[in-house]
Amino acid sequence: GLKKKDAKVLVVGLDNSGKSTILNHLKPEEAKTDIVATVGFKQEVFQTKTLQFTAFDMSGQGRYRSLWEHYYKECNGIIFVIDSSDKLRMVVAKDELDTLLQHPDIKDKRTPILFFANKMDLRDALSSVKCSQLLGLDMVKDRAWHICASNAISGEGLAEGIDWLTEQLQ
Ligand code: GDP
């Protein structure tokens, strides 16, 4: 199968969901981070021993969509980060997820997808079960997926999720 170190992981989610905070835990100390910023579009790229990570916000103007969709073709795994306390934008996250899963470069690849129901420490955070209901994950039957509650500030829940994804990529 695929060698782990060759695996490319795409980290996506709405702005403010906690992607950068999660990446800071995953990043090796010595890792150089390339933050490529163009107006309205910020992308972060780094490499660990085993995986290559590329991250960006799915929010913003539709005109940046083609910039991030460019990475769909070559990715082997996806991390989709959700702010589980942001009930108002859960429907926006669901729309983005649906669009992602319907994309021709993702649809047929059966790319495994890991969800972090992040900010689990906040008092009004929804449970991972509730998040998966609101995102309609029971309808995702064509690929392996997994959802973990996480606290990106303490790091709680992150290792469990990454272990699952790494397992899928072997
Ligand atoms: P990004 O826009 O997706 O990269 O989100 P950031 O990583 O910049 O996080 C947005 C804000 O949420 C920051 O103020 C973080 O400190 C905060 N944040 C991220 N993860 C958590 C979490 O698990 N719990 C709490 N309470 N705050 C978080």
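For clarity, every value in this text was computed on a predicted model and none was experimentally measured.

Participant: What's the story with the overall build of the chain in this structure? I'm lost.
Facilitator: Scanning the chain from terminus to terminus reveals six helices and seven strands. Reading the secondary structure of the chain in the N-to-C direction produces β-α-β-β-β-α-β-α-α-β-α-β-α. Counting every position in the chain, which comprises 170 residues, the buried fraction comes to 32%. Pairs at least 24 residues apart make up 74% of the contacts formed inside the chain by residues separated by at least 6 positions.

Participant: Would you mind showing me how to read the site of the ligand here?
Facilitator: What surrounds the ligand is a group of 15 residues, the closest being Gly18, Lys19, Ser20, Thr21 and Ala152. It is helix α1 (residues 19–26) that provides the largest number of residues to the shell around the ligand, a total of three residues. Residue classes in the shell around the ligand are distributed as three nonpolar, eight polar and four charged.

Participant: Just checking my understanding: could you explain unusual backbone geometry for this structure?
Facilitator: With glycine set apart, most residues show a phi of negative sign, and most peptide bonds adopt trans. Backbone geometry places asparagine 16, a non-glycine residue, at a positive phi of 75°. Here asparagine 16 shows up in the loop between β1 (7–13) and α1. One non-glycine residue, lysine 119, adopts positive backbone phi at about 65°. Checked against the element boundaries, lysine 119 lands in the loop between β6 (113–118) and α5 (128–135). Residue lysine 119 is classed as buried on the basis of its 24 C-beta neighbours within 10 Å.

Participant: What should I look at first to understand the environment of glutamate 160 in this one?
Facilitator: Within the fold, glutamate 160 resides in helix α6 (residues 158–168). C-beta crowding within 10 Å serves as the criterion here: with 15 such atoms nearby, glutamate 160 is assigned to the partly exposed category. Residues glutamate 160 and leucine 88 lie 72 residues apart in sequence; the distance between their C-alpha atoms is 27 Å.

Participant: What is the right way to read α6 from this model?
Facilitator: In an α-helix, one turn spans 3.6 residues, which is why side chains three or four residues apart end up on the same side. Burial in α6 covers these residues: Leu158, Gly161, Ile162 and Leu165. What you see down the axis of α6 is that its buried residues fit within an arc of 95°, all on one side. Looking at the packing, one finds that the buried side of α6 touches β1, α1, β5 (77–83), β6 and β7 (145–149).

Participant: Teacher, can you tell me more about α1 here?
Facilitator: Here α1 has its buried residues at Lys19, Ile22 and Leu23. Viewed end-on, α1 has its buried residues packed into an arc of 100°, placing them on one side of the element.

Participant: Explanation requested: the pairing of β1 in the structure shown.
Facilitator: A regular strand carries its side chains on alternate faces of the sheet. Burial of β1 is extensive: five of the seven residues sit out of reach of the surface. Sheet analysis places β1 next to strand β4 (residues 51–57), joined by seven bridges and oriented parallel. Looking at the pairing, valine 9 lines up with phenylalanine 53 of β4. The pairing of β1 with β5 spans five bridges and is parallel. Residue leucine 10 lies in a different strand from β5, and its bridge partner there is isoleucine 78.

Participant: Can you walk me through the UniProt feature "binding site: Mg(2+)" (unreviewed entry) in the chain in this structure?
Facilitator: Per the UniProt record, the feature "binding site: Mg(2+)" (unreviewed entry) sits at Ser20 and Thr38. You can see serine 20 is positioned in helix α1.

Participant: Quick question: what am I supposed to make of the nonpolar core here?
Facilitator: Generally speaking, soluble globular proteins have nonpolar side chains that are buried together. Counting 40 residues, the largest nonpolar core has Val11, Ile79, Phe80, Ile82, Phe115, Phe116 and Ala117 as the members making the most contacts within it. If we ignore the near neighbours within four places in the chain, the residues touching alanine 117 are Ile82, Ser84, Ser128, Cys131, Ile147, Cys148, Ala149 and Ser150.

Participant: What's the story with the confidence of the model for the chain in this structure? I'm lost.
Facilitator: For any part of a model where pLDDT is low, the fine detail of the predicted coordinates should not be relied upon. When pLDDT is averaged across the chain, the result is 88; 88% of the residues are at 70 or more. Listed scores for the predicted complex are pTM 0.92 and ipTM 0.99.

Cut-offs used in this document
- Residues numbered from 1 in each chain as written.
- Predicted model: local features only at pLDDT ≥ 70, side-chain atom pairs only at ≥ 80, totals over all residues.
- Helix = DSSP H or I, 4+ residues; strand = E, 2+ residues; numbered from the N terminus.
- Buried ≥ 20, exposed ≤ 12 C-beta atoms within 10 Å, placed from the backbone.
- Contact = placed C-beta atoms within 7 Å.
- Near = placed C-beta within 6 Å.
- Nonpolar A, V, L, I, M, F, W, Y, C, P; charged D, E, K, R; others polar.
- Arc of directions from axis to C-beta.
- Pairing = 2+ DSSP bridges.
- UniProt positions renumbered as here; feature names shortened; annotations may be inferred.
- Core = buried A, V, L, I, M, F, W, Y, C linked by C-beta atoms within 7 Å.
- pLDDT = per-residue confidence, 0-100.

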